[in-house]
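# Geometric and topological summary
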Amino acid sequence: MLYVPADKPRAIDKARGLPCDAVVLDLEDAVLPAQKAAARAGAAQALREGGFGKPVLLRLNGLDTPHFQADLEAALLSAPAGIVLPKAEDPAAVRELHLGIPLWVMIETPPGVLRAAELAAVPGVAGLMVGANDLLLSLRARATPGRLPLLSALSAVILAARAAGVLALDAVYNDLQDGAGLEAECIQGRDLGFDGRTLIHPGQIEAANRVYGVSEQEAQAARELLHAWQEAQGQGLGVVQHAGRMVEELHARQARHTLARWEAEQG
Ligand code: COA
Ligand code: MG
C-alpha cells in the first residue's frame, strides 16, 4: 500500500500508473494543518476521477483532532475503498463509527498495541497497520536495523490480526536511499507474518512486491510437495518424507495456498 499526501496532485497522478496493490491518500501526518482543506479537496477529486486500477483508501486525522469531523464527512461523500484510522486506541470509539466502509486501524501508540486484539475484533475492521514512526516516538525507542525495540509490538499486531482473522500490514521504511535495508525489513516483516507493507515512495514498490510475492521457485516447490503428498495418499500414508523433510496434511494445505497466491499474482 502506497501512501500519497492528498495535497500533492502530481504524486497522486503518478500513483495511478504504479504497480502497488493499493493507494492511501493521506490527510494526516504528511499534510500540514494549513493544508488540510486542500488535501480533502485533492482526495475528493482523485476519488471522483478514479483511473487508479487499484483500491484507493483515505487516511483521516485522528479521532481526537479538530480535523476528524471534516475528514469523516469528506470520506463519506467520496466513498474510498477503505478508511485508515491513525493512532487508534479505543475499540469503543472505533465501533461507533458505523461507516459501511472497510476500516484499517493503525497501531502506533502504546495503548493501541496493548488493545490491538480488541481493535482488530471490531466489526468492519479489515486490517491492522503498524505506524512505526509514531510508535518509536511514543515508546522513546530508537530505529535500529533489525528493529529489536519494536519486535514485541510488531508481533502483538500480527497476533491480534490473526486472532481476529484480519490482515496485518507492516510499517513504512523512511530511508529512501537504502534499498538493501528496505529489502531486509520486507523479509523480516514477511517472515514475522505480515501480509504486506506500507510504502512512501514509488522506488520502494518493486522490493515489497518481490519479497511478499510468490517466486517461481516457491511455486515449483509447492507443486512438487503436492505431487509427493498425492502419492503418499495413494499409499494410505498420513505422513511422508519429501526432500528430506516431514510432510503432513497441513503442509499440503499450505502448498495449495502458495499455488493459489502464485496463480492470482500471474493474473
Ligand atoms: N506516491 C506517488 N508518487 C510519489 C511519491 C508517492 N508517495 N513519492 C514521490 N513520488 C513521485 C514524485 O512526485 C516524483 O514524481 P515526478 O518525477 O513526476 O515529479 C517522483 O516520485 C520522484 O520523487 P523524489 O524526488 O524521489 O521524491 P520527493 O523528494 O519528491 O518526495 C517524499 C519524497 C518522502 C516527500 C515523498 O516520497 C512522499 O511524500 N512520500 C509519502 C509521504 C507520506 O505519505 N507520509 C505519510 C505516511 S508515513
Ligand atoms: Mg503516524
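Scroll up to find the structure this text is about.
A brief look at the structure comes next. On a predicted model such as this, the values are computed, not experimentally measured, just so you know.

## Observations concerning the nonpolar core
Counting 63 residues, the largest nonpolar core has Leu 25 and Leu 128 as the members making the most contacts within it. Residues contacting Leu 25, with those up to four places away along its chain left out, are Val 4, Ala 6, Ile 12, Ala 43, Ala 46, Leu 47, Val 56, Leu 57, Leu 58 and Arg 59. Grouped together as the second largest cluster of nonpolar side chains are 13 residues, Val 240, Ala 252, Ala 255 and Trp 262 included.

## Observations regarding the site of ligand 1
Around ligand 1 lies a shell of 15 residues, among which Tyr 3, Lys 8, Arg 10, Ile 200 and His 201 are the nearest. Contact distances for ligand 1 include 2.8 Å between a nitrogen atom and a backbone N or O atom of Tyr 3. Here a nitrogen atom of ligand 1 and a backbone polar atom of Ile 200 are 2.8 Å apart. For ligand 1, the accessible surface in isolation is 880 Å², of which the surrounding protein chains cover 63%. Breaking the shell around ligand 1 down by element, the ones donating at least two residues are β1 (2-5) and α1 (9-16). Broken down by element, the residue count for the shell around ligand 1 peaks at 4 residues, all from β1. Of the residues assigned to the shell around ligand 1, the class counts are 9 nonpolar, 1 polar and 5 charged.

## A short note on the coordination of the magnesium ion (ligand 2)
Protein coordination at the magnesium ion (ligand 2): the donors are Asp 29 (OD), Glu 108 (OE) and Asp 134 (OD), at 2.0 to 2.6 Å from the metal. Counting along the primary sequence, the residues that act as donors to the magnesium ion (ligand 2) give the motif D-x78-E-x25-D. Taken together, the residues span a long stretch of sequence, with Asp 29 in the loop between β2 (23-26) and α2 (36-49) and Asp 134 in helix α7 (residues 132-139) at a distance of 105 residues. Its relative accessible area of 48% is what places Asp 29 among the partly exposed residues.

## Describing a negative patch on the surface
Together, Asp 64, Glu 89, Asp 90 and Glu 96 make up a region of like negative charge exposed at the surface. Topologically, Asp 90 is positioned in the loop between β4 (82-85) and α4 (91-95).

## Notes on the pairing of strand β9 (residues 239-242)
Judged by which residues are buried, β9 turns out to be one-sided: Val 240 and His 242 face inward and are buried, whereas Val 239 and Gln 241, on the alternate face, are not. Where β9 lies against strand β10 (residues 245-248), 4 bridges are found, and the strand directions are antiparallel. When the sheet's bridge partners are listed, His 242 is paired in β10 with Arg 245. Joining the antiparallel neighbours β9 and β10 is a turn of 2 residues, in which Ala 243 adopts a positive phi near 50°.

## A word on the pattern of salt bridges
A complete count under the given rule lists 19 salt bridges for this structure. Salt-bridge contacts for Glu 49 lead to Arg 16; the nearest nitrogen and oxygen are separated by 3.7 Å. Residue Glu 49 is located in helix α2, and its partner Arg 16 is located in helix α1; the two are separated by 33 residues in the primary sequence. Of the charged contacts in the structure, one is a salt bridge between Asp 29 and Lys 87, with a shortest N-O distance of 3.5 Å. Note that Asp 29 is positioned in the loop between β2 and α2 and Lys 87 in the loop between β4 and α4, a separation of 58 residues in sequence. Given a relative accessible area of 31%, Lys 87 falls into the partly exposed group. One salt-bridge network, held together by shared partners, links Asp 26, Glu 28, Asp 29, Arg 59, Lys 87 and Asp 134.

## Some remarks on unusual backbone geometry
Across the chain, the bulk of peptide bonds are trans and the bulk of non-glycine residues have phi less than zero. A positive phi angle, near 45°, is found at Lys 87, a position not held by glycine. Of note in the backbone geometry, Arg 140 takes a positive phi value of approximately 60° without being a glycine. Along the chain, Arg 140 turns up in the loop between α7 and α8 (151-164).

Conventions adopted
Residues numbered from 1 in each chain as written. Chains lettered and ligands numbered in written order. Predicted model: local features only at pLDDT ≥ 70, side-chain atom pairs only at ≥ 80, totals over all residues. Heavy atoms only, no water. Core = buried A, V, L, I, M, F, W, Y, C linked by side-chain atoms within 4.5 Å. Buried < 20%, exposed > 50% of the residue type's maximum accessible area, 1.4 Å probe, protein only. Contact = heavy atoms within 4.5 Å. Near = heavy atom within 4 Å. Polar contact = N/O pair within 3.5 Å; in protein donor to acceptor, adjacent residues only side chain to side chain. Areas by Shrake-Rupley, 256 points an atom, 1.4 Å probe, with all protein chains shown as cover. Helix = DSSP H or I, 4+ residues; strand = E, 2+ residues; numbered from the N terminus. Nonpolar A, V, L, I, M, F, W, Y, C, P; charged D, E, K, R; others polar. Donors = N, O, S within 2.8 Å, 3.2 Å for Na, K, Ca; no water. Patch = residues over 30% accessible without salt bridge, like charges linked within 9 Å, V, L, I, M, F, W, Y side chains within 5 Å. Salt bridge = Lys/Arg side-chain N within 4 Å of Asp/Glu carboxyl O. Lys, Arg positive; Asp, Glu negative; His and termini not counted. Charge placed at Lys NZ, Arg CZ, Asp CG, Glu CD. Pairing = 2+ DSSP bridges.

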